[in-house]
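Coordinates in review
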Amino acid sequence: MIRQAKGKTPRRPPLKKPSNNQKDPVGVYCRVRPLGTEDEECCIEVISKTTIQLHAPDGLKANRNGEFKETQYSFKKVFGIKTTQRELYEDVAKPLVEDLIHCKNGLLFTYGVTGSGKTHTMTGSPGQGGLLPRSLDMIFNSISPYQAKRYVFKPDDKNGMEVQNQVDALLDRQKRDSQTNVPKTPTTRRIDPEFADMISPEEAFRADGVDEDSSYSVFVSYIEIYNNYIYDLLEETPFDPIKPKWNGVGTPLRNNTEFIPPQSKLLREDQNHNMYVAGCTEVEVKSTEEAFEVFWRGQKKRRIANTQLNRESSRSHSVFIIKLAQAPLDADGDNVLQDKNQVNVSQLCLVDLAGSERTSRTRAEGSRLREAGNINQSLMTLRTCIEVLRENQMCGTNKMVPYRDSKVTHLFKNYFDGEGKVRMVVCVNPKADDYEETLLVMRFAEMTQEVEVARPVDRPICGFAAGRRQRNQVFKEELTRRLEERGGPVNGESTTLSQLLLSFPSLPPCEIGGPNDDITLPRLIEALEKRHKIRQMMVDEYNKTANMLKSMLQEQDGNLVAKENFISEQHGRLGEKDKMIQNQKNEIDRLEKKSKMLEYKIDILQKTSNIHEEDKRTLQHELESREQRLQRELSDKRRMESRMQGIVCDTKLKWEKECERRVNAKQLEMQNKLWVKDEKLKQLKAIVTEGKSENRQPQRPSREKDKVPPKRSASPTPVPTVPPVRPLHRRSHSAGGERWVDHKPTTNVDLDTLMQPNLPNAIKVTAASEKALSKCDKYVLTHQEVASDGEIQTKLIKGEVFKTRGGGQSVQFTDIETLKQESPVSASRKRRSSESGPSHEGERMDGDWTDVETRCSVAVEMRAGSNLGPGYQHHGYPKRKKP
């Protein structure tokens, strides 16, 4: 057992605590106190026995634009303003006291805003006792016939109880009695008038099912939690006669004694992992009045501390702890069983929490403000613990509950872990000023109801037969009766002997008449002999009865020894069974641990398998995606190849046509150059041989419009043997039988020139359209622009129409023709200035034949072969070189 306990963490319960899967929700009750005045505004309405409704005050609605709506909150039971203290106790605290007597713990605390009636609910007033005095009264009414003598139970300072023998208990009682007789300590036990007549006899309660074979003792302790420090309100302050009685600080106490501030206590954990206050005073009480006196003594000390330390009592938590120690009687039913393991200690904690209100409402400053902040922090920790417990139970999480953040939650953490019932009384004030604080209290109460606490289990005390006390009492009475019957001859005559004595004559007179009186003495001797015989008969009967009683006692001793042997034998068997059960429990624990480990491994393997399956699905999906992408890339590649093949074919055809056009243009250009040279030679020959005048101009061929130049051929034209006739104007390609699209924008200007493009069977449009292009195989665009000399020149941009793969039309430009006007004056002027200038090397001076008429007769031809498209060049004049 010890080795197993070492292997467990401190947070887990020990092995001896049986587990219980049954859980009960925290019982939350609501009590509404009456209003202070009848004309005061109310914000709470009791709808039913379990529901109340909150509605915001009118002023708050006006400030919030009516956003607050009426809200309803449900409780286990709602107590209205007409509820009596007895009705409240019967529903709330009575079940907890019954559980206390049956070895079960309980926690009851009041929660609410300051001034909501928490202290009145817990303590009460004369004639209207609260939950605390009624609980004490019910406890003593139930166990008073079965209480043990004082000091039979003694606290061990480790949250446990020890059982003392009769001698030690007697010594402790004598020591207490001797200390009580000291003059400085008052001997009278006067009940304070504030607690007098709190509970009327007709309102008293008594618990049912009290174990008569057990002995009980009640211990009480009273602590205060202030600023997250724990103080013992029942601790006796030692008096030092040497120390000065009062130092002038604060208010002097009774008898001019000095006030000594209390020392804070620490929280400890016992061997059962239950929390307790180390060094806390536990007073054994034997009656309700004595318990009231102890409680009132703590209240007085609390008031004195509040007065001396300048603090409010509503800003601290008060905890009154009632411990009930019970142990079974021995087999004879006379004394308490001297076995510490058989002692059960149950406790009931009655907690009056501090007021839950905002620091802004307290109007506190300085230390008071810090005090209010600490109180609110402890209440906030309580709310946080409740929230985490609810989340763990509802969502299946395993978050750590922050019990250690506050002394209140740390002290009562065992109750929320399943050490007893937990109940809360929410006290509310219906006045409108407390609406916002009451709303927060309602939300906390609603959340608390959703927390479930494990139901405490019953604790068996021992294996003795029930009714030992009653049987022992009956045995004592019967023994006394029999002893009185059997012991009659010793103390007096029995019925039979009395009858015999009455049948005998009485003693004769004993007076002797004289010396010769022989009658009186013999008569007296005879009477005495008879009496001696009777006495002898009585002695014989007494001896007979004594022997009979002795034999009966011996028989009883034999039976008792046999029973003790039987009991010891049964104890031995029971120990063996316990060992077997413990071994089986250990085996079950081992198998459960093994099962949990296997389940954990199975979960890990299942998770690993799921991960691998997910990876497999992911990889398969990725593989399919890549295959689809590869198929798309292959199809795109095939489409691109087919497209590129079409583009290559189109480009090849295009360049073949372009090369053919350039070759034809080059041949025509060479023919024109050859014609120019021939003309120049003819002019020179005419000048030299014939000696004609200088004004003779060379004869040029006619420039009639109807003269048709030789049509271009795709094949290179052979050089003629005869001098070629120089054409004055090269006609456009539109002279053939092709059908043209004549595109003339509306922005073009009519120049009234002699040379105009003539396109027969042409479709004239102002904007290119697919419909027009589909009917023709040639396209020409008439474009006008301003030349460098300021004149307007007209460009005819020609192209061929092709059908696209998609069924549309495409235009590929192949040639540009330029029509330009020049002023003769400006041209002569330019020529003369050029003739007067210096001649450059390689520049030919031919002004004698390049006058206006000659230059006008020279056609403007294009030069093909440019990389940027068809170009053009003026062939009538050689290019001038830059100086």
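Every chain is numbered on its own, with residues counted from 1 as its sequence reads. Restriction of local features to residues with pLDDT of at least 70 applies here, the model being predicted, together with a cutoff of 80 or more for giving and counting side-chain atom pairs; totals for whole chains, interfaces and linings are based on all residues. Excluded from the side-chain calculations are hydrogens and water; all other atoms, namely the structure's heavy atoms, are used.

Strands here mean DSSP runs of E at least two residues long; helices mean DSSP runs of H or I at least four residues long; both are numbered from the N terminus. What the protein contains, in helices and strands, is 20 helices and 28 strands. Counting over 883 residues, the protein shows a buried share of 34%. Should any heavy atoms of two residues lie within 4.5 Å, those residues are considered in contact. The long-range share in the protein, meaning contacts at least 24 apart out of those at least 6 apart in sequence, stands at 71%. If you sum the accessible surface of the protein, you get close to 56,400 Å²; carbon and sulfur atoms cover 52% of it. Relative accessibility thresholds used throughout: buried, under 20% of the residue-type maximum; exposed, over 50%; partly exposed, between the two (1.4 Å probe, protein chains only). Methods summary: accessible areas were calculated by the Shrake-Rupley approach with a probe of 1.4 Å, and residue burial reflects only the protein chains presented.

Ordered by their spatial adjacency, 5 strands build an open sheet running β23-β22-β24-β25-β26, and the pairing between neighbours is mixed. Since the sheet does not close on itself, it has two edges, and those belong to β23 (763–765) and β26 (809–820), each with one partner. For this sheet, the mean inter-axis angle between neighbouring strands, taken without regard to orientation, is 25°. At least two DSSP bridges between two strands are needed for those strands to be called paired. Here 4 bridges tie strand β22 (residues 740–743) to strand β24 (residues 778–786), and the two strands are oriented parallel to one another. From the neighbouring strand, Val 741 faces β24, where its bridge partner is Tyr 779. Each axis is a line fitted through C-alpha atoms, taken for helices only over the stretch in contact, and angles between the N-to-C directions span 0 to 180 degrees.

Before going further, it helps to examine the pairing of β26. Sheet analysis places strand β25 (residues 792–803) next to β26, joined by 11 bridges and oriented antiparallel. Each bridged residue has a counterpart across the sheet, and for Val 801 the counterpart in β26 is Val 811. Between β25 and β26, which pair antiparallel and follow one another directly, the connecting turn spans 5 residues, one of which, Gly 807, has a positive phi of 95°.

A cavity here means a set of points on a 1 Å grid, drawn over the protein atoms and nothing else, where a 1.4 Å probe fits but cannot get out; a pocket is an open set with protein on both sides within 12 Å along at least five of seven lines, and a residue lines either one if it has an atom within 4 Å of a point. Grid points are joined across faces, edges and corners, and a volume is the space filled by probe spheres set on the points. Applying the stated criterion across every chain, the model contains 2 cavities of 30 Å³ or more. Approximately 70 Å³ is the volume found for the second largest cavity. Broken down by secondary-structure element, the contributors of at least two residues to the lining of the second largest cavity are β7 (105–112) and α11 (407–411). Classes in brief: Ala, Val, Leu, Ile, Met, Phe, Trp, Tyr, Cys and Pro nonpolar; Asp, Glu, Lys and Arg charged; the others, Gly included, polar. A class-by-class count of the residues in the lining of the second largest cavity yields 8 nonpolar, 1 polar and no charged.

Of all hydrophobic cores here, the largest spans 54 residues; its most connected members are Ile 52, Phe 75, Phe 412 and Met 442. Take this core: its biggest share by element is 7 residues, from helix α13 (residues 435–448). Phe 412 has contacts with Leu 107, Val 319, Cys 349 and Val 351, leaving out every residue within four places of it along the chain. Counting 42 residues, the second largest nonpolar core, distinct from the first, contains Ala 93, Leu 136, Ile 322 and Leu 350. Only buried residues count toward a nonpolar core, which is a set of Ala, Val, Leu, Ile, Met, Phe, Trp, Tyr and Cys residues joined through side-chain atoms within 4.5 Å.

A few words on the packing of helix α3 (residues 85–92) against helix α6 (residues 131–143). Relative orientation of the contacting elements α3 and α6 amounts to 65°, with a least axis distance of 10 Å. The interaxial crossing formed by α3 with α6 has right-handed handedness. In this structure, α3 uses Gln 85, Arg 86, Leu 88 and Tyr 89 to contact α6, whose residues at the interface are Leu 131, Arg 134, Ser 135 and Met 138. Of the residues assigned to the contact of α3 with α6, the class counts are 4 nonpolar, 2 polar and 2 charged. Throughout, a crossing is termed right-handed when the near helix is turned clockwise from the far one, and left-handed when it is turned anticlockwise from it by less than a right angle.

Now for the pairing of strand β20 (residues 420–428). For β20, the buried fraction is high: 8 of the 9 residues fall into the buried class. As paired strands, strand β2 (residues 27–32) and β20 are joined by 6 bridges and run parallel to one another. By the bridge assignment, Cys 30 is partnered in β20 with Val 426. As defined by bridge partners, β7 adjoins β20 across 8 bridges and the pair is classed as parallel. Note on β20: the bridge partner recorded for Asn 105 is Gly 420.

With respect to the element layout, Gly 418 can be found in helix α12 (residues 413–419). Relative accessible area serves as the criterion here: at 19%, Gly 418 is assigned to the buried category. Along the chain, Gly 418 and Glu 452 lie 34 residues apart, while their C-alpha atoms are 9.2 Å from each other. With near-sequence residues (within four places) excluded, Gly 418 lies in contact with Val 453 and Ala 454.

Below, the discussion takes up the packing of aromatic side chains. To pair, rings of Phe, Tyr and Trp, with the six-membered ring standing in for Trp, must have centres within 6.5 Å; the planes then decide the type, stacked if under 30 degrees apart, edge-to-face if over 60, and tilted in the middle. What the rule picks out here adds up to 8 aromatic pairs. Put simply, the rings of Tyr 222, Phe 295 and Phe 320 pair up and form one aromatic cluster. Positioned above the aromatic ring of Phe 444 is the side chain of Arg 383, whose terminal nitrogen or guanidinium carbon lies 5.8 Å from the ring centre. Put simply, a charge is over a ring when the Lys NZ or the Arg CZ is close to the ring centre, within 6 Å, and near the line of the ring normal, within 35 degrees.

Let's shift gears to the sheet that holds strand β3 (residues 44–46). The sheet built from 3 strands is open, its strands ordered β3-β4-β5 with antiparallel pairing. A strand with exactly one partner marks an edge of an open sheet, and here the two such strands are β3 and β5 (71–74). Direction aside, the axes of adjacent strands within the sheet are offset by 25° on average. Pairing between β3 and strand β4 (residues 51–54): 3 bridges, direction antiparallel. Its bridge partner being in β4, Ile 44 is matched across the sheet by Leu 54.

Any Lys or Arg side-chain nitrogen found within 4 Å of a carboxyl oxygen on Asp or Glu counts as a salt bridge. Throughout the structure, instances matching the rule amount to 27 salt bridges. Between Lys 673 and Glu 669 there is a salt bridge; the shortest N-O distance is 3.7 Å. In this pair, Lys 673 and Glu 669 are both assigned in helix α17 (residues 520–690), 4 residues apart and thus about one turn of the helix distant. By relative accessible area, Lys 673 is classed as partly exposed at 42%. Residue Glu 669 is classed as buried on the basis of its relative accessible area, which comes to 11%. Lys 798 is the salt-bridge partner of Glu 817, the closest N and O atoms lying 2.8 Å from each other. Here Glu 817 is found in strand β26, whereas its partner Lys 798 is found in strand β25, with 19 residues between them in sequence. Classification of Lys 798 as buried rests on a relative accessible area of 4%. When salt bridges that share partners are traced, they join Lys 657, Lys 778 and Glu 800 into one network.

Quick look at the side chain of Ser 116 now. Note that Ser 116 resides in the loop between β7 and α5 (118–122). In the analysis that follows, any N or O atom pair within 3.5 Å is treated as a polar contact, provided that within protein one partner can donate a hydrogen and the other can accept it, and provided that, for residues neighboring in sequence, both atoms belong to side chains. Engagement of the side chain of Ser 116 in a polar contact is seen with the backbone oxygen of Val 113, the distance being 2.6 Å. Of note is the side chain of Ser 116, whose polar atom sits 3.2 Å from the backbone oxygen of Cys 427. In this structure Ser 116 touches Arg 33, Cys 427, Val 428 and Asn 429, once residues within four positions along its chain are discounted.

We now examine the state of the cysteines. A pair of cysteine sulfur atoms is labelled a disulfide when the two atoms are within 2.5 Å. Under the defined criterion, the tally for this structure stands at 0 disulfides. Cys 42 forms no disulfide, and the closest cysteine sulfur to it belongs to Cys 43, at a distance of 5.9 Å. Note on Cys 42: relative accessible area 30%, which makes it partly exposed.

Before going further, it helps to spend a moment on the confidence of the model for the protein. Per-residue confidence from the predictor is given as pLDDT, running between 0 and 100. When the pLDDT values of the protein are averaged, the result is 76; 73% of them are 70 or greater. Contacts of residues 181–190 to residues separated by more than four positions or lying in other chains number 5 contacts, the stretch itself having pLDDT below 50. Below pLDDT 50 for its whole length, residues 488–497 participates in 7 contacts with residues either more than four positions away or in separate chains.

Next up on the list: the side chain of Asp 137. Here Asp 137 lies in helix α6. For the purpose of charge, His is not counted, nor are the chain termini; Lys and Arg are scored as positive and Asp and Glu as negative. Arg 134 provides the closest opposite charge to the buried, unpaired Asp 137, separated from it by 7.0 Å. Those residues in contact with Asp 137 that sit more than four places away from it in its chain are Ile 199, Ala 204, Phe 205 and Thr 288.

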